[in-house]
Amino acid sequence: MPSWFTRTAVACAALFIAALVFVALAPYEKDMGLVQKIFYFHTPSAWMFLTAGVVCGISSARYLANHSPKLDRLAWASAELLVLFGAIALVTGPLWARKTWGVWWQWDVRLTSSLLGWMIGVAYLLVRRYAGPGSDKLAAGLALFGMANVPFIYISVNYWRTIHPPTSVVPKLPLSFGVPFYLSVTAFTLLFVMLLRLRVHLEEQRARVDSLYLSLDE
Amino acid sequence: MSVLQTIWLIVRKDLTIETRSGEIAFTTLFFAISCVLAFAFALVREGKPPEDGGAGVLWIAIMFSGNLALGRTFERERQSETLRALLLAPASRPAIYLGKLLGLMALLTAAELLLVPLVAYFFQAPMFRHPFWLTLIVVAGTMGFASVGTLFAAMLVRARSRDMLLPVLLYPLTFPVIMAGVRGTTALLQPEVDYALVRFWVQLLISFDAVFITLALWTFESLMTDEPR
């Protein structure tokens, strides 16, 4: 384990516990009641999902240009986090929607684009796992095309109606909702950064072991 | 040799092989027909097709048979290492990509010439009321699907488990094309056609084609080249 890990993990756990306490103490929203509290986890994980997508797309595009293995490792690590946080967002979203909209799923612009983005992330991992030699480039191409897809999904589905709460809700949060929300966002961000660094570190170690084996053979 | 000449040579090569063996054309056509029939068995109840079902069935059939054709086209190039020979030839990489793309478009257009009447027949869809718009939607949509497909099928030639991975890669990336194609075709099949809506979907499909072909031409070279180890 790298030296920074224990400290970061403790800080992250403390933040999550604090977030839980504050979420439990936060008042009930008057229309939605208890289900509204899922937002304290849904929105931060959706934000991390988007961040992971942006990191993966940009590092893949740069990897195709200069073939630096560092960027490839970063892209891989963020693709895994994209699938992880995307799964959290895609599970917690319908749980809330069932209570509030009365249906589990709507073909709304955000839901559709998140689902397709998540599927591209899963495809990325499948390629990395099963395509054998050359999978790094294949995956980078997939991430690049996936990124180019986003505006199209947005335009095409935006033409349909949307019922997802807009992002403009977040800055207008009153203090009693805002404190637990931003605490939760901080906890999720720290978890994201920690997992990303840990995953990149693991791949670096693996690459080092590989190169040591190779030098042993020579 | 100019780029256009290279493209033409590659298209002619693929079409010559195809007219002599007919392997991919016949199997793809048969598969496309089976696909539409399967949907007809599943969805048509007591002679009544589902409302607006035709557009969806048409595009799913294009997607499935396109996937099959893509896989087979590049499998043939792999078997005797002819793709490597093609890449070794003193021809520009973008020209090779465009040649393969056009060959595939020819194949898929042939399949669609059969699919459209078949869907119109089984799903009672008035496909031929606006032939110009329908052609535009179908060709633009197929181009979007094939432009992504050609790039990834070419890259997958050297990968393990390529048969499984092609749809895994291709479907999530081309869902927006299929979505726009289905919506555009559905808009065209309404009794009162909203031309502004149809034009919107056609524009979306064409801009999709432009972005994806540009991106594919730009990355084909670096994606298909092995760097020295």
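For clarity, every value in this text was computed on a predicted model and none was experimentally measured. (Residues numbered from 1 in each chain as written. Chains lettered and ligands numbered in written order. Predicted model: local features only at pLDDT ≥ 70, side-chain atom pairs only at ≥ 80, totals over all residues. Heavy atoms only, no water.)

Next up on the list: the interface of chain B and chain A. Facing the 34 residues of chain B at the interface are 28 residues of chain A. Surface buried jointly by chain B and chain A totals about 2,900 Å² across both partners, of which 79% is contributed by carbon and sulfur atoms. Along the contact surface separating chain B from chain A lie 0 salt bridges. Where chain B touches chain A, the interface holds 2 residue pairs in polar contact (both at pLDDT 80 or more). Counting residues per element, the side of chain B that touches chain A draws most heavily on helix 8 (residues 195-223) of chain B, which supplies 14 residues. (Contact = heavy atoms within 4.5 Å. Buried area = accessible area lost by both parts, 1.4 Å probe. Salt bridge = Lys/Arg side-chain N within 4 Å of Asp/Glu carboxyl O. Polar contact = N/O pair within 3.5 Å; in protein donor to acceptor, adjacent residues only side chain to side chain. Helix = DSSP H or I, 4+ residues; strand = E, 2+ residues; numbered from the N terminus.)

This paragraph deals with the nonpolar core. Leu138(A), Phe145(A), Leu58(B), Met127(B), Leu151(B) and Phe152(B) are the most contacted members of the largest nonpolar core, which totals 97 residues. In terms of residue count, helix 6 (residues 131-156) of chain B provides more of this core than any other element does, 14 residues in total. Those residues within four positions of Phe145(A) in sequence are excluded, and the remaining contacts are Val148(B), Leu151(B), Phe152(B), Leu173(B), Phe212(B), Leu215(B), Ala216(B) and Thr219(B). In terms of nonpolar packing, the next biggest core, distinct from the first, is built from 12 residues, Ala52(A), Leu81(A), Phe192(A) and Leu196(A) among them. (Core = buried A, V, L, I, M, F, W, Y, C linked by side-chain atoms within 4.5 Å. Buried < 20%, exposed > 50% of the residue type's maximum accessible area, 1.4 Å probe, protein only.)

The end-to-end C-alpha separation of helix 3 (residues 69-100) of chain A is 46 Å, in line with the 46 Å expected for 32 residues at 1.5 Å each. Phi for Gly102(A), located one or two positions after helix 3 of chain A, is positive at around 90 degrees. (Expected span 1.5 Å × (residues − 1).)

Residue and element names in this part refer to chain A. In the contact formed by helix 3 and helix 6 (residues 175-217), the axes pass within 9 Å of each other and the chain directions differ by 140 degrees. Between helix 3 and helix 6, the crossing angle belongs to the class labelled oblique. Note that helix 3 runs across helix 6; the crossing there is right-handed. Facing Arg 73, Leu 74, Trp 76, Ala 77, Ser 78, Glu 80, Leu 81, Leu 84 and Phe 85 of helix 3, the residues of helix 6 in contact are Phe 188, Leu 191, Phe 192, Leu 195, Leu 196, Arg 199, Val 200, Glu 203, Glu 204 and Ala 207. Of the residues that constitute the contact of helix 3 with helix 6, the class distribution is 13 nonpolar, 1 polar and 5 charged. (Axes fitted to C-alpha atoms, helices over the stretch in contact; angles between N-to-C directions. Parallel < 35°, antiparallel > 145°, perpendicular 65-115°, else oblique. Left-handed = near helix turned anticlockwise from the far one by under 90°. Nonpolar A, V, L, I, M, F, W, Y, C, P; charged D, E, K, R; others polar.)

Further remarks concern the pattern of salt bridges. All names here are of chain B. Summed over all chains, the structure comprises 14 salt bridges over all chains. Close ionic contact of Asp 14 with Lys 13 constitutes a salt bridge, the shortest N to O distance being 2.8 Å. On the basis of relative accessible area, Asp 14 is assigned to the buried category, the value being 8%. Residue Arg 84 pairs with Glu 81 through a salt bridge whose shortest N-O separation is 3.2 Å. What makes Glu 81 partly exposed here is its relative accessible area of 44%.

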